[in-house]
Amino acid sequence: MTEAVAAARRSRITPEREAELYEAVLDLLREVGYDALTMDAVAARTRSSKATLYRQWGGKAELVVKALRHNKRGHIGDIDTGSLRGDLHALVAMEDDCTMAQNSALMRGIAMAMHHNEDLRETFRAQIVDTEIVTGRQMLQRAVDRGEVRPDCPAIDFMVHMMVGGFATRTLLEDQPPTQAFLTSYIDAVVLPALGV
């Protein structure tokens, strides 16, 4: 199938309808988890035909990852405050505490599902992780170009790991969701010092 034909088929769903579908998918994910989520359930919840869902998204992994991507507030690539500290604080400010708590729970479930669903893991990596890594490196490169971070700083290769770690482990270690205040303090106390800022 050519890209033009695929695009024509996809264009049958309006942006508003697509947003409704994605919200329904995320609601189902929160209710039943990835493994129990079915295309039949999505079709029933959204009053869509299963054939339309498969034609539009190909399968469950693609639909779930697109819903997760659509749910993201803003994009890292849009942030450029003129300082690394400002950029990282702006990144944290993209979601309020309530949204962060919901997304944290959702991402824990997705992370567990990725361990035994290769198609989900590959799709998630290709559409979300790889993009975030590239834009994170661009943010760091700007900091290097401004002289905020030494180009040979060994922590550069671990900035994404540090950010994900702060977000993911708060619930594990403290039984608390990540919050803007926690992540801002974490950035100032851990990430920036590690980078020599």
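In what follows, the structure referred to is the one given above.
We now turn to the structure provided with this report. In this convention, every chain numbers its residues from 1, walking through the sequence in written order. Local features in this predicted model are restricted to residues of pLDDT 70 or higher, and side-chain atom pairs are both shown and tallied only at a pLDDT of 80 or more, whereas totals for entire chains, interfaces and linings draw on every residue. Side-chain metrics in this entry use all non-hydrogen atoms of the structure; hydrogen atoms and water are not considered.

**Structural notes on helix α10 (residues 180-194)**
An α-helical turn contains 3.6 residues, so a residue and the one three or four places further along point in the same direction.
Here's step 1: Helix and strand definitions follow DSSP, with helices as H or I runs of at least four residues and strands as E runs of at least two, each counted in order from the N terminus. By this rule, a helix spans an expected 1.5 Å times one less than how many residues it contains. Taking 1.5 Å per residue as the helical rise, α10 with its 15 residues ought to reach 21 Å, and the 20 Å between its terminal C-alpha atoms agrees with that figure.
Here's step 2: Two axes are fitted around each residue, one to the seven residues ending there and one to the seven starting there, and the angle between them is reported as the bend at that residue. For α10, the principal kink sits at I187 and spans about 40 degrees.
Here's step 3: Throughout, a contact is declared for two residues whenever any of their heavy atoms are within 4.5 Å. Residues of α10 that are buried sit in contact with α6 (84-92), α7 (97-114) and α9 (159-174).
Here's step 4: Directly beyond the C-terminal end of α10, a positive phi value near 80 degrees is found at G196.

**Some thoughts on the layout of surface pockets**
Any empty space left between atoms is shown by rolling a water-sized probe over those atoms.
Here's step 1: Here a cavity means grid points, on a 1 Å grid over the protein atoms only, where a 1.4 Å probe fits yet cannot get out; a pocket means an open set of points with protein on both sides within 12 Å along at least five of seven lines; lining residues are those with an atom within 4 Å of a point. Grid points are joined across faces, edges and corners, and a volume is the space filled by probe spheres set on the points. Approximately 1300 Å³ is the volume found for the largest pocket.
Here's step 2: In terms of lining residues, the largest pocket is bounded by 37 residues, among which K72, M107, E132, V164 and F167 are the most central.
Here's step 3: When contributions to the lining of the largest pocket are tallied by element, the ones reaching two or more residues are α5 (60-71), α6, α7, α8 (118-146) and α9.
Here's step 4: If one sorts the elements of the lining of the largest pocket by residue count, α8 sits on top with nine residues.
Here's step 5: Under this grouping Gly is polar, as are all residues other than the nonpolar Ala, Val, Leu, Ile, Met, Phe, Trp, Tyr, Cys and Pro and the charged Asp, Glu, Lys and Arg. Of the residues assigned to the lining of the largest pocket, the class counts are 22 nonpolar, seven polar and eight charged.
Here's step 6: The volume enclosed by the second largest pocket comes to roughly 240 Å³.
Here's step 7: What lines the second largest pocket is a set of 13 residues, and nearest its centre among them are I133, R137, L140, I156 and D157.
Here's step 8: Within the residue set of the lining of the second largest pocket, elements represented by two or more residues are α8 and α9.
Here's step 9: The element contributing the most residues to the lining of the second largest pocket is α8, with seven residues.

**So, the pattern of salt bridges**
Here's step 1: The term salt bridge refers to a side-chain nitrogen of Lys or Arg lying within 4 Å of a carboxyl oxygen of Asp or Glu. Under the criterion given, the structure shown has 13 salt bridges.
Here's step 2: Between R146 and E148 there is a salt bridge whose closest N-O contact spans 2.6 Å.
Here's step 3: Buried residues are those whose accessible area, probed at 1.4 Å on protein chains only, stays under 20% of the maximum for their type, while exposed residues exceed 50% and partly exposed ones sit between those limits. For R146, a relative accessible area of 33% corresponds to the partly exposed category.
Here's step 4: Given the relative accessible area of 21%, E148 is considered partly exposed.
Here's step 5: A salt bridge links R170 to E174, with the nearest nitrogen and oxygen atoms 3.1 Å apart. In this pair, R170 and E174 are both assigned in helix α9, four residues apart and thus about one turn of the helix distant.
Here's step 6: By relative accessible area, R170 is classed as buried at 14%.
Here's step 7: The network of salt bridges with common partners includes D80, D87, R142, R146 and E148.

**Quick look at the environment of D40**
Here's step 1: With respect to the element layout, D40 can be found in helix α3 (residues 39-46).
Here's step 2: Under the relative-accessibility criterion, D40 is labelled partly exposed at 47%.
Here's step 3: As for D40 and A51, which are separated by eleven residues in sequence, their C-alpha atoms are 9.9 Å apart.

**Regarding α3**
Here's step 1: By the burial criterion, the buried members of α3 are M39, V42, A43 and T46. One side of α3 carries all its buried residues, which in axial view fall inside an arc of 100 degrees.
Here's step 2: Within two residues after α3, R47 carries a phi angle of roughly 55 degrees, on the positive side. Note: the arc covers the axis-to-C-beta directions of the helix.

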